[in-house]
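What follows is the residue order along each chain.
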Amino acid sequence: MAFGKNKKRRHQDAATRNTAVKGAVRSHGPRVAKALGLTVATAALVWGGIELRAWARVSPRFALESVTFTGLERASRPELLKLSGLAAGQNLWSLEPAALAKAMGQHPWVRTVEVTRRFPRGVSVEVSEHAPAALAVLGDLYVLDEEGEPFKRVTPGDGLDLPLVTGLERDAYVADADAVRARFREALDVTRAYARLLPGRSERLSEVRLENSGLALVTATGQEVRLGAGDTEVKLQRLARVRRELSTRGLAAEIIRLDNRARPGWVAVRLSSGSDSVRSGGSTQ
């Protein structure tokens, strides 16, 4: 006995339902019949779609034949294929673009990935890589991108010749990554301004040192330039004038100080002639 109903009662209920359906068809005519027909047609379409998808997932017509990459510079095609697990013969319908993109995004040089299935037999991968802007010492040596993000450790095969950013500790990055990235961006702004305002390789920038009192620069020849805090571009323009003046006198500087807070327009120079003397000058503005 189902739900407390006896056999006779169940027959009576079935008869009542049949009578109700027939009454509805007589009362509403074609509209009910059409609705019932649409329901059957919809069910058929759903069932057909399920069957079609099942066929497509095993059909050799959709077997993977080609994978095309764009945007690769430092990441390589074999490395990304290995990470993704893509291989010839895989069925395109079985591939999940989001999962493939996430797997390839594990490559240290890859910033973003977009994967698109190209039916019937192809996959395209659009890669955006990190742009190396400087190196940073955080315990180990890391590569900084243009946003100040230390995105990978430096390896021998990287072949990077970039300014070095020093003065911050790994513990500081772990404690407050946003604050450290902001300081890194400050250093990167200086490297860009230096390249624009003091072009050439005679005093190529080698190091940007982040200090509590501001910034200090070290060139490839060992010259130290103390910028201090603020007015970076003004100070770099002043540095260019000081160097020109020294050059006309046949002199070279070991240290150039532009960090006098009390007298911002003053410059102090220590010559690199072996003398420990310090020359002070008035405003160079």
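My aim in this report is to walk through the structure given alongside it, one point at a time. Computed from a predicted structure; not experimentally measured.

About the cut-offs
Residues numbered from 1 in each chain as written. Predicted model: local features only at pLDDT ≥ 70, side-chain atom pairs only at ≥ 80, totals over all residues. Heavy atoms only, no water. Phe/Tyr/Trp six-rings, centres within 6.5 Å; stacked < 30°, edge-to-face > 60°. Helix = DSSP H or I, 4+ residues; strand = E, 2+ residues; numbered from the N terminus. Buried < 20%, exposed > 50% of the residue type's maximum accessible area, 1.4 Å probe, protein only. Expected span 1.5 Å × (residues − 1). Lys, Arg positive; Asp, Glu negative; His and termini not counted. Salt bridge = Lys/Arg side-chain N within 4 Å of Asp/Glu carboxyl O. Polar contact = N/O pair within 3.5 Å; in protein donor to acceptor, adjacent residues only side chain to side chain. Contact = heavy atoms within 4.5 Å. Pairing = 2+ DSSP bridges. Axes fitted to C-alpha atoms, helices over the stretch in contact; angles between N-to-C directions.

All right, on to the packing of aromatic side chains then. The tally for this structure, following the rule as stated, stands at 4 aromatic pairs. Pairing Phe62 with Trp93 gives two aromatic rings, centres 6.0 Å apart and planes at 80°, and the pair type is edge-to-face. Of this pair, Phe62 sits in the loop between helix 2 (30-56) and strand 1 (66-70) while Trp93 sits in the loop between helix 3 (77-84) and helix 4 (97-104); the two residues are 31 residues apart in sequence, bridging distant segments of the chain. Assessed through its relative accessible area of 24%, Trp93 is described here as partly exposed. Taking the centre distance of 6.1 Å and the plane angle of 85° together, the rings of Phe62 and Phe119 count as edge-to-face. Of this pair, Phe62 sits in the loop between helix 2 and strand 1 while Phe119 sits in the loop between strand 2 (110-118) and strand 3 (122-129); the two residues are 57 residues apart in sequence, bridging distant segments of the chain.

A separate point is helix 7 (residues 232-248). If you check helix 7, its first and last C-alpha atoms are 25 Å apart, about what 17 residues at 1.5 Å a residue would give, namely 24 Å. All buried positions along helix 7 are accounted for by Lys235, Leu236, Arg238, Leu239, Ala240, Val242, Arg243 and Leu246. Phi turns positive one or two residues past the end of helix 7, at Gly250, with a value near 70°.

This part is about the environment of Gly222. Mapped onto the fold, Gly222 is located in the loop between strand 9 (214-219) and strand 10 (224-228). The exposure class assigned to Gly222 is partly exposed, which follows from its relative accessible area of 45%. Between the alpha carbons of Gly222 and Glu207 there is a distance of 9.5 Å; along the sequence they are 15 residues apart.

This part is about the side chain of Glu203. With respect to the helices and strands, Glu203 occurs in the loop between helix 6 (177-197) and strand 8 (205-211). Of the side chains with opposite charge, Arg243 comes closest to the buried, unpaired Glu203, at an N-O distance of 4.5 Å. Among the polar contacts made by the side chain of Glu203, one reaches the side chain of Thr221 at a distance of 2.7 Å. Ignoring anything within four residues of it in the chain, the contact list for Glu203 reads Tyr194, Thr219, Thr221, Gln223 and Arg243.

On to the pattern of salt bridges, then. As enumerated under the stated definition, the model contains 15 salt bridges in all. With a closest N to O distance of 3.0 Å, Arg183 and Glu186 form a salt bridge. Residue Arg183 and its partner Glu186 are located together in helix 6, separated by 3 residues, close to a single helical turn. For the salt bridge of Asp189 with Arg192, the shortest nitrogen-to-oxygen distance reads 2.9 Å. With Asp189 and Arg192 both in helix 6, this residue pair falls 3 residues apart, about one helical turn.

Of note, His130 is situated in the loop between strand 3 and strand 4 (132-138). Of the polar contacts made by the side chain of His130, one reaches the side chain of Asp145; its length is 3.1 Å. If sequence neighbours within four positions are ignored, His130 has contacts with Pro108, Trp109, Val110, Arg111, Asp145 and Phe151.

Before going further, it helps to examine the sheet that holds strand 2. With respect to topology, 3 strands assemble into an open sheet ordered 1-3-2, the strand pairing being mixed. Whereas interior strands pair on both sides, the edge strands pair on one side only; in this sheet they are strand 1 and strand 2. For this sheet, the mean angle separating the axes of adjacent strands, direction not counted, is 20°. For strand 2 and strand 3, the ladder comprises 8 bridges, and the chain directions are antiparallel. Bridged to Val115 within strand 3 is Val125. In the packing of helix 3 onto the sheet, the strands contacted are strand 1, strand 2 and strand 3, and the crossing angle to strand 1 comes to about 120°. Packed onto the sheet, helix 4 meets strand 1, strand 2 and strand 3 and runs at close to 150° relative to strand 2.

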